[in-house]
Amino acid sequence: MENFKLFFEKTEEEKNVQQLIKKLPAAHRKLLNGYKFKYQGGNTLKGDDGHIGVIFKDKITVAAPWNYGREWVTLHEIAHLVWENFCDKKWQQEWKKTVKKHTKRQKQNNEELWCMAYACHFANHKIETHSHPAWDAYMSKFCKATG
């Protein structure tokens, strides 16, 4: 009977992911139906020294990088799905203008910067490098319109 009970209990990790997802707009949460989350130790993904998170088929895999929290990296990966499904040319053009307001940003493409801003918008602990009032204002507007 004990094993049967364990089958239905959620791990702490699963509970944390559910709490995280609750923060997102309903339409963005819907994108995650059917996705599983997998977390690994180490600064980068196993077998991939260049990435700390990835979406492959129905799985979002996140490492435990030194400079970023797992919550933030998970949000960043979710943001790629949101970008792909909700960020049309109008939103991308507005984002392109908004990006320029943050002069200390990293040198990344617009999608990567957008995902970083999205992660900061929802994370409990924002990454200062990717946090900017104009970016957050854009995300508030975007989430209200698409969520």
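Residues numbered from 1 in each chain as written. Predicted model: local features only at pLDDT ≥ 70, side-chain atom pairs only at ≥ 80, totals over all residues. Heavy atoms only, no water.

J.: Even after reading the chapter, I still don't get the overall build of the chain, so can you show me in this structure?
T.: Scanning the chain from N- to C-terminus turns up 7 helices and 3 strands. From first element to last, N terminus to C terminus, the chain shows the α and β order α-α-α-β-β-β-α-α-α-α. For 147 residues, the compact-globule estimate of 2.2 N^0.38 gives 15 Å, and the chain sits close to it at 16 Å. If one aligns the C-alpha atoms of the chain with their principal axes, the spans along those axes are about 60 × 35 × 25 Å. In the chain, which comprises 147 residues, the share counted as buried stands at 38%. Carbon and sulfur atoms make up 52% of the accessible area of the chain, which totals about 9300 Å². Here the chain contributes 25 positively and 17 negatively charged side chains, and the mean placements of these two sets differ by 7 Å. (Helix = DSSP H or I, 4+ residues; strand = E, 2+ residues; numbered from the N terminus. Rg over C-alpha atoms; globule rule 2.2 N^0.38 Å. Buried < 20%, exposed > 50% of the residue type's maximum accessible area, 1.4 Å probe, protein only. Areas by Shrake-Rupley, 256 points an atom, 1.4 Å probe, with all protein chains shown as cover. Lys, Arg positive; Asp, Glu negative; His and termini not counted. Charge placed at Lys NZ, Arg CZ, Asp CG, Glu CD.)

J.: Looking at this structure, I do not really get the pairing of strand 2 (residues 53-56). What am I missing?
T.: Across a regular strand the side chains alternate sides, sitting on one face of the sheet and then on the other. Both strand 2 and strand 3 (residues 59-62) contribute to a ladder of 4 bridges, which runs antiparallel. Counted as the bridge partner of G53 is V62 from strand 3. The loop that links strand 2 with its antiparallel partner strand 3 comprises 2 residues; one of these, K57, has a positive phi angle of about 55 degrees. (Pairing = 2+ DSSP bridges.)

J.: Teacher, can you tell me more about helix 4 (residues 70-86) here?
T.: For helix 4, with 17 residues, the first-to-last C-alpha span of 24 Å sits near the 24 Å given by 1.5 Å per residue. Within the sequence span of helix 4, burial applies to W72, V73, T74, L75, H76, E77, I78, A79, H80, L81, V82 and W83. (Expected span 1.5 Å × (residues − 1).)

J.: What's the story with the side chain of H130 in this structure? I'm lost.
T.: Within the secondary structure layout, H130 lies in the loop between helix 6 (110-122) and helix 7 (133-146). With relative accessibility at 1%, the residue H130 sits in the buried group. A distance of 3.4 Å separates polar atoms of two side chains, one belonging to H130 and the other to Y68. With near-sequence residues (within four places) excluded, H130 lies in contact with Y68, W72, Q106, M116, A117, C120 and W135. (Polar contact = N/O pair within 3.5 Å; in protein donor to acceptor, adjacent residues only side chain to side chain. Contact = heavy atoms within 4.5 Å.)

J.: Where do I start with the pattern of salt bridges in this structure?
T.: Pairs can form between side chains of opposite charge once their charged atoms are near each other. Scanning the entire structure with this criterion turns up 4 salt bridges. R70 is the partner of E13 in a salt bridge, and the nearest nitrogen-oxygen pair spans 4.0 Å. Placement of the pair is E13 in helix 2 (residues 12-22) and R70 in helix 4, with a sequence separation of 57 residues. (Salt bridge = Lys/Arg side-chain N within 4 Å of Asp/Glu carboxyl O.)

J.: Looking at this structure, I do not really get the sheet that holds strand 1 (residues 36-39). What am I missing?
T.: The strands that make up a sheet are held in pairs by hydrogen bonds between backbone atoms, and each pair lies either parallel or antiparallel. With mixed pairing, 3 strands are arranged side by side in an open sheet as 1-3-2. The open sheet has two free edges, formed respectively by strand 1 and strand 2, since each of these has just one partner strand. Neighbour-to-neighbour, the strand axes of this sheet turn through a mean angle of 15 degrees, independent of strand direction. The pairing of strand 1 with strand 3 spans 4 bridges and is classified as parallel. When the sheet's bridge partners are listed, K38 is paired in strand 3 with T61. (Axes fitted to C-alpha atoms, helices over the stretch in contact; angles between N-to-C directions.)

J.: What is the right way to look at unusual backbone geometry in this model?
T.: It is generally the case that most residues other than glycine have a negative phi and that most peptide bonds are trans. Positive phi is not limited to glycine here, since K57 has a value of about 55 degrees. Here K57 is to be found in the loop between strand 2 and strand 3.

J.: Got a minute to help me understand the packing of aromatic side chains in this structure?
T.: Given two aromatic rings, their pairing is described by the distance between the two centres and the angle made by the two planes. Applying the stated rule across the entire model yields 10 aromatic pairs. Ring centres of W91 and F142 lie 5.1 Å apart, and the angle between their planes is 85 degrees; on these two criteria the pair is classed as edge-to-face. Of this pair, W91 sits in helix 5 (residues 89-99) while F142 sits in helix 7; the two residues are 51 residues apart in sequence, bridging distant segments of the chain. For F142, a relative accessible area of 0% corresponds to the buried category. One aromatic cluster in this structure is built from W83, W91, W95, W114, Y118, F122, W135, Y138 and F142. (Phe/Tyr/Trp six-rings, centres within 6.5 Å; stacked < 30°, edge-to-face > 60°.)

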